[in-house]
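Summary of the model geometry
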Amino acid sequence: MGLDGDSNGDRRTRAAPLQVAIVGAGFGGVGAGVMLTRAGYREITLFERGNRVGGVWTHNTYPGAACDVPSHLYEFSFAPNPRWSRRYAPQAEIQEYLESVASRHGVLERVRTNTEVTDARWDDERGRWQLDTSAGAHECDVLVAACGQLSVPKIPRLDGIEQFAGPVFHTAEWRDDVELAGRRVAIIGTGCSAIQTGPAIAPIVAQLDIYQRSPGWTFPKMDFVYSERAKRAFERFPALQRLDRAANFAFHEFGALAMTREPRLLAPFRAIARRQIDKAISDPELRAKVTPDDEVGCKRVMLTDDWYPTLTRENVELITDPIAEVTPRGVRTSDGAERPADVIVFATGFKSHGFVAPMRITGAGARTLEHEWGARPRAYLGLSVPGFPNMFLLYGPNTNGGTGSVIETIEAGTKHVIAALRALERSGAREIAITRSAADAFDRQLRAALANTVWHTGCTSWYVDENGNDPNQWPWLWSTYRRRTARLDPGAYELAGVRNGGAQRAVAEDRAAVA
Ligand SMILES: Cc1cc2nc3c(=O)[nH]c(=O)nc-3n(C[C@H](O)[C@H](O)[C@H](O)COP(=O)(O)OP(=O)(O)OC[C@H]3O[C@@H](n4cnc5c(N)ncnc54)[C@H](O)[C@@H]3O)c2cc1C
């Protein structure tokens, strides 16, 4: 492929570097920024509405926040950290790690913080993306949306909440300025954030009331501190850390197999979870309250060593009666009881079905992503949507798992993006998009596989909405995701246009399937 001329002074020739905009600077945005840079794509701009890179690890600073996938798996494969302080690193360490990776790999300087992308429009004429951001307009060839699945807090509507006299906040918007020591705190919710923050604050508060809608299964976390000797060993022998990573990956694959294909393998997990309850709680009433009646894995399983012991503390009460209303001084449940509270904490999770929302994305032919998706967001391999050329989603629809590390998923997805960009450049075309037939065929496979997973065995979870739509979960193994994203399936993507800016803009559309 030769270079095209620059006859009209437009410097954007066919060989001009692709300009890439990445929305979001969490693990997805930073990981994509590093991997694209290393692949030779240097014209990258990242937009982050928060005030620093980090994504969920910037936003979730609640006491006790930590990962629940071992850090040797919950880190980039290209940036192993032999010095994690413990098996499951706490929030501040993960935040520091991500910032240091972004800085070491030259991504930090490309991030525009405090800048929200509100609108992205594909310009059919020019074959480029036009972005509106809170700091002005931006134009690029390729759009990568790395907005996360858990970046917009969800707060249920509770009658009377506005009349509550004390502070009210979500775990993802933690208020360090609110003193909890010696106060009465109400936590609403018993999901992943509650089981971390409850045990962390219980020893200092006067009273902790935890309001539960339905319990989830938990497993022992078996967390421990890495000794200095262990850290030095990981430094000297990186293969040790890789081995630990591989072992963790294999264990999580086993979990994925049980949840997606072999339900009989759930039995040992159920036994472990039951034993954890029985060992920690002797009161039959409390045992009954914390024991789920749905299948293990249907809701997000949680790892903890201290949740049940916390519930047995003198100053902690688990309340399972539904909340009727919030009063100026506390929370009233449907049985009429009012429990006083000074502070209310929502540990109620995230709006996990919006993906790119509230950003508005408009693709070819002025069709919006909202319209394309309707009630069910979907994307080929979670990455590509027909009619949205040169656009990729990272950690997009159906790329979350009941087990496994999201960072693995993000890396696999980014490799696919790079393969697509290489195909685009090799061809000299201007646009690459997934074909509708490939996207539809993938969606049919996905639906069929999802129907047989544990997530559809009847429970409420953030994976499935009230209409049965399940846009979050990947219904196969993670090794399958790696394999399927590693290359472009022949004919799955189509190329169009000629990429050289002004001179040949009028050249007839040159459609070709990527083979
Ligand atoms: C408390 C918590 C603990 C978790 N622990 C684990 C774990 O142990 N293991 C695991 O695998 N996963 C875990 N997860 C899931 C987590 O979402 C992923 O691991 C990963 O961090 C996702 O990275 P991301 O970059 O895709 O999304 P995020 O980290 O959510 O980052 C997205 C970023 O995009 C920004 N953004 C969104 N829209 C716009 C816009 N329009 N303009 C500008 N910026 C925008 C957001 O502000 C955010 O900073 C956890 C999630 C939470 C909330």
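Residues numbered from 1 in each chain as written. Predicted model: local features only at pLDDT ≥ 70, side-chain atom pairs only at ≥ 80, totals over all residues. Heavy atoms only, no water.

The full count for this structure, using the stated rule, is 29 salt bridges. A salt bridge links Arg52 to Glu99, with the shortest nitrogen-to-oxygen separation between them at 2.9 Å. Taken as a pair, Arg52 in the loop between β2 (43-47) and α2 (56-59) and Glu99 in helix α3 (residues 91-104) lie far apart in primary sequence, 47 residues in all. Taking relative accessible area as the criterion, Glu99 reaches 21% and is therefore assigned partly exposed. (Salt bridge = Lys/Arg side-chain N within 4 Å of Asp/Glu carboxyl O. Helix = DSSP H or I, 4+ residues; strand = E, 2+ residues; numbered from the N terminus. Buried < 20%, exposed > 50% of the residue type's maximum accessible area, 1.4 Å probe, protein only.)

Of all 7 residues making up strand β4 (residues 117-123), 5 are buried, and the element is well covered by its neighbours. Between the antiparallel neighbours β4 and strand β5 (residues 128-133) lie 4 residues, among them Gly127 with a positive phi of about 65°. Sheet topology note: the β4/strand β18 (residues 360-362) ladder contains 3 bridges and is parallel. Bridge pairing in β18 links Arg121 to Thr362. (Pairing = 2+ DSSP bridges.)

Time to look at the sheet that holds strand β8 (residues 168-170). Sheet architecture is open: 5 strands sit in the order β8-β17-β9-β10-β13, paired in parallel fashion. If you trace the sheet from one side to the other, it starts and ends with β8 and β13 (316-319), each paired once. Strand-to-strand, the axes of this sheet are offset by a mean angle of 20°, without reference to chain direction. Two elements, strand β9 (residues 184-188) and strand β17 (residues 343-346), share 4 bridges in a ladder whose sense is parallel. Of the residues in β17, the one forming a bridge with Ile187 is Val345. Sheet contacts for helix α4 (residues 192-201): β9 and β10 (207-211); angle to β9, the most-contacted strand, approximately 170°. (Axes fitted to C-alpha atoms, helices over the stretch in contact; angles between N-to-C directions. Contact = heavy atoms within 4.5 Å.)

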